[in-house]
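# A structural walkthrough
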Amino acid sequence: MDTKRLAIGTVVGGIAMFVVGYLFWNILFDYYAALLDAAGIAREPQLFWVIAVSNVPFAALVTLAIERGGSSTIGGGVKVGAIVGFLVWSGVALVHYGSMTAFDLTATILDPLLSGVHFGIGGGVIAAVLGRR
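Right, let's walk through the structure included here. Because the structure is predicted, anything quoted here is derived from the model rather than measured.

### Some remarks on the pattern of salt bridges
If you walk through the whole model with that rule in mind, you get one salt bridge. Residue Arg5 is joined to Glu67 by a salt bridge in which the shortest nitrogen-to-oxygen separation is 2.8 Å. Linking Arg5 in helix 1 (residues 3-28) with Glu67 in helix 3 (residues 48-69), this pair joins segments that are 62 residues apart in sequence. Glu67 sits in the partly exposed class, given a relative accessible area of 21%.

### Concerning a nonpolar patch on the surface
Nonpolar side chains collect at one region of the surface, where Val11, Ile15, Val19, Tyr22, Leu23, Ile27, Leu28, Phe48 and Ile51 lie side by side and expose about 800 Å² of accessible area between them. Mapped onto the nonpolar patch, the elements with two or more residues apiece are helix 1 and helix 3. The element that contributes the greatest number of residues to the nonpolar patch is helix 1, accounting for seven residues. Here Ile15 shows up in helix 1.

The rules behind the values
- Residues numbered from 1 in each chain as written.
- Predicted model: local features only at pLDDT ≥ 70, side-chain atom pairs only at ≥ 80, totals over all residues.
- Heavy atoms only, no water.
- Salt bridge = Lys/Arg side-chain N within 4 Å of Asp/Glu carboxyl O.
- Helix = DSSP H or I, 4+ residues; strand = E, 2+ residues; numbered from the N terminus.
- Buried < 20%, exposed > 50% of the residue type's maximum accessible area, 1.4 Å probe, protein only.
- Patch = residues over 30% accessible without salt bridge, like charges linked within 9 Å, V, L, I, M, F, W, Y side chains within 5 Å.
- Areas by Shrake-Rupley, 256 points an atom, 1.4 Å probe, with all protein chains shown as cover.

Rendered as structure tokens:
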């Protein structure tokens, strides 16, 4: 893998993952907003620039996994992204559940599953862009 492919995958994937994340967490699954509001820890207004930047390391991780795994197809990118997203957010959700009262068991189970879909879509976009190069 060269630096150019990593940069392209990270930028394109970061943008795609931000858009998909916004649709998931802010529009489709308002459950999390209610959960954070109930716990008194929701930030209003949200700092969308920080949320956008948070997708950059996620996209870099998925790009690296796709490149190292040799997934040159969109389907392969979706699979790799879904696995990475599920594993990363399983760990995060379990830590949240174990250390805070803000996450309940439903969120602990739901978050990794939805993140697998979120990252899977990002992985598909990354693989599509890298496959053209």
